[in-house]
Amino acid sequence: MQHFPFCPNPACVWHTQAPTTAWAHAKGSYHTKAFGRVQRYQCPRCHTTFSSQTFHLSYYLKHPIPLDPLLSRFLNGESLRAISRALSLSLCLISNRLERLSRQAIGLHSRILAHTRLSDDICIDGFVAFEGSQFFPSDIPIALTAHSQFVIDLSHASHRRAGTMTPAQKMKALRLYRYTALEHGALERAFREPLLTALRLAPPRPDHPFVLITDENPHYPRVLSSLPQWHNQTPQHRLVHWTVWSKLPRTVSNPLFASNYIDREIRKDLAHYHRETTCFPRNVAAAMLRLSLYLFTHNYLKPFRIAHPSPFSSHAHAAHIPLSWISSFAHELTCGTRLFVSHLSLSPSMHRTWMKAWKTPGKHHPDSIPRFAVA
Ligand SMILES: [Zn+2]
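Computed from a predicted structure; not experimentally measured. (Residues numbered from 1 in each chain as written. Predicted model: local features only at pLDDT ≥ 70, side-chain atom pairs only at ≥ 80, totals over all residues. Heavy atoms only, no water.)

Draft legend 1. Structural view of the overall build of the protein. Helix and strand content of the protein: 13 helices and nine strands. Against the globule reference of 21 Å for 375 residues, the protein gives a C-alpha radius of gyration of 22 Å, in line with a compact fold. Burial analysis of the protein (375 residues in total) assigns 51% to the buried set. Counted over contacts in the protein with a minimum sequence separation of 6, partners at least 24 positions apart contribute 64%. On the protein, roughly 18700 Å² of surface is accessible, and the fraction owed to carbon and sulfur atoms is 57%. (Helix = DSSP H or I, 4+ residues; strand = E, 2+ residues; numbered from the N terminus. Rg over C-alpha atoms; globule rule 2.2 N^0.38 Å. Buried < 20%, exposed > 50% of the residue type's maximum accessible area, 1.4 Å probe, protein only. Contact = heavy atoms within 4.5 Å. Areas by Shrake-Rupley, 256 points an atom, 1.4 Å probe, with all protein chains shown as cover.)

See the structure below:
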């Protein structure tokens, strides 16, 4: 009899901890074109039926495809339509598989973070993009370690367009902003979320304060000074905010190098963030899923340095994440068992990304999410 680690029903007591012996009862089978004969099982505790497919990344699929070539094309700058043409697969199928990979990457990253403490300084800067319309630019603060460029967390805020506009653009902006409500205080919230994750992972210690490196954005000191961690500082637990002049050359010696580096990598590698592209994202929730997939694979799959040889194989390795966890991420991402959100401890922004709960300005209906992804 096949052994399953837990019952897939989130309401069952065996969902969190199942017996160590084989507990699932065989209950018939059915035939599928994609997987042949599939054996069904039943949980004796809650009577929910399921199959081995329930725990697989390809759960609910009618057309499984190898995920490695798809991931490689996505991470190397091909747009979704280019991938669709090259692999002769529909755009919907490509988007669906990337969504599954994104959730898997978020889950694996959060599992590693749950057992990680970082000792590096933290850089946070907002990546500037837009989804749907340039009248609704977005600020995507990304928290990462200063010396190992290990991405910790990211968030998102849509806001109004600023800067010079022609009279026609001003009229259009007025019309759009009259009918589109944007979240109040979104920029502050978007900065606070990755900052709190970073504070949890790299808390101030008696021998090293928590060092936050940012540019001179006026929101940042305001948010930082509103945190209880800022008010409750002691000589043993100090928080340091280091602001960097934005006109400093963007070299390796710039204290904000990690943020400048990740901005450049995103612009270079992701088709929908190239300059002047026509492949720009149309939906915030889908864009955040794909950006999370890119950033978390950057941590574990991308070499730390190419031009100058380094003792570290990846950014996660440079951040002192054990090599066995890094190789487990690489394997589990495309070939592992499906992760259940109820088993993960996600940060608020990662949870919003998983649930596709980011709101696209001007879009009135929430994004749909498969029922199994909510379990
Ligand atoms: Zn059960």
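What follows picks up the thread again.
Draft legend 2. Looking closely at the packing of aromatic side chains. Applying the stated criterion across every chain, the model contains 21 aromatic pairs. Summarising the aromatic geometry, the rings of Phe130 and Phe280 are spaced 5.1 Å apart at their centres and angled 40° between planes, so their arrangement reads as tilted. Placement of the pair is Phe130 in strand E4 (residues 122–130) and Phe280 in the loop between helix H8 (257–269) and helix H9 (284–301), with a sequence separation of 150 residues. When the ring centre of Phe135 is taken as reference, the NZ or CZ atom of Arg161 above it lies at 5.0 Å. Stacked on the ring of Trp358, the Lys or Arg Arg352 has its end atom at 4.7 Å from the ring centre. (Phe/Tyr/Trp six-rings, centres within 6.5 Å; stacked < 30°, edge-to-face > 60°. Lys NZ or Arg CZ within 6 Å of the ring centre and 35° of its normal.)

Draft legend 3. Molecular detail of the nonpolar core. Counting 81 residues, the largest nonpolar core has Ile266 and Leu295 as the members making the most contacts within it. Among the elements that make up this core, the one with the highest residue count is H9 (11 residues). If sequence neighbours within four positions are ignored, Leu295 has contacts with Ile142, Val151, Leu154, Ile262 and Ile266. Counting residues in each nonpolar core, the second largest holds 14 residues, with Trp14, Ala18, Ala24 and Ala375 among its members. (Core = buried A, V, L, I, M, F, W, Y, C linked by side-chain atoms within 4.5 Å.)

Draft legend 4. Summary view of the coordination of the zinc ion. For the zinc ion, every protein donor is listed as Cys7 (SG), Cys12 (SG), Cys43 (SG) and Cys46 (SG), and the spread of their distances is 2.3 Å. Note that the zinc ion binds four donor atoms; their angles at the metal cover 104 to 116°, and the shape is tetrahedral. Linear spacing of the donor residues for the zinc ion on their chain is C-x4-C-x30-C-x2-C. With a gap of 34 residues between them, Cys12 in the segment before strand E1 (25–32) and Cys46 in the loop between strand E2 (36–42) and strand E3 (49–51) connect regions that are remote in the sequence. Classification of Cys12 as buried rests on a relative accessible area of 7%. Given a relative accessible area of 25%, Cys46 falls into the partly exposed group. (Donors = N, O, S within 2.8 Å, 3.2 Å for Na, K, Ca; no water. Tetrahedral: all angles 85-135°; square planar, octahedral: opposite > 155°, others 65-115°.)

Draft legend 5. Up close: the domain arrangement of the protein. Domain boundaries in the protein define domain 1 (13–55) and domain 2 (72–374). Relative to domain 2, the C-alpha centre of domain 1 lies at a distance of 36 Å. Contacts between the two partners involve four residues from domain 1, matched on the other side by five residues from domain 2. Its largest share of buried area at the contact with domain 2, domain 1 owes to His15, Thr54 and Phe55, together 95% of the area lost on that side. For the pair domain 1 and domain 2, the number of links is four residue pairs in polar contact (both at pLDDT 80 or more). A per-class count over the side of domain 1 that touches domain 2 returns one nonpolar, three polar and no charged. (Domains from an automatic or database assignment. Buried area = accessible area lost by both parts, 1.4 Å probe. Polar contact = N/O pair within 3.5 Å; in protein donor to acceptor, adjacent residues only side chain to side chain. Nonpolar A, V, L, I, M, F, W, Y, C, P; charged D, E, K, R; others polar.)

Draft legend 6. Quick look at the pattern of salt bridges. Taken as a whole and judged by the stated rule, the model has 15 salt bridges. Residue Lys302 is joined to Asp269 by a salt bridge in which the shortest nitrogen-to-oxygen separation is 2.5 Å. Here the residue Lys302 occupies a position in the loop between H9 and helix H10 (315–318), and Asp269 occupies one in helix H8, the gap between them amounting to 33 residues. The class of Asp269 is buried, set by a relative accessible area of 9%. Taken together, the shared-partner salt bridges in this structure form one network comprising Arg264, Glu265, Lys268, Asp269 and Lys302. (Salt bridge = Lys/Arg side-chain N within 4 Å of Asp/Glu carboxyl O.)

Draft legend 7. Structural context of the side chain of Ser51. Relative to the helices and strands, Ser51 resides in strand E3. Residues in contact with Ser51, not counting those within four places in the same chain, are Tyr30, Val38, Gln39, Arg40 and Tyr41.

Draft legend 8. Geometry of the sheet that holds E3. Read across the open sheet, the three strands follow the order E1-E2-E3; overall the sheet is antiparallel. Two strands lie at the open edges of the sheet, namely E1 and E3, each paired on one side alone. Neighbour to neighbour, the strand axes of the sheet diverge by 30° on average, direction disregarded. Two elements, E2 and E3, share three bridges in a ladder whose sense is antiparallel. Counted as the bridge partner of Arg40 is Ser51 from E3. (Pairing = 2+ DSSP bridges. Axes fitted to C-alpha atoms, helices over the stretch in contact; angles between N-to-C directions.)

Draft legend 9. A look at the packing of helix H1 (residues 67–75) against helix H2 (residues 80–87). The N-to-C vectors of H1 and H2 enclose an angle of 140°; their axes lie 10 Å apart at closest approach. With respect to H2, the element H1 is oriented oblique. As for the relative orientation of H1 and H2, their crossing is right-handed in sense. Residues Leu70, Arg73 and Phe74 of H1 form the contact with H2, whose participating residues are Leu80, Ile83, Ala86 and Leu87. Split by residue class, the contact of H1 with H2 holds six nonpolar, no polar and one charged. (Parallel < 35°, antiparallel > 145°, perpendicular 65-115°, else oblique. Left-handed = near helix turned anticlockwise from the far one by under 90°.)

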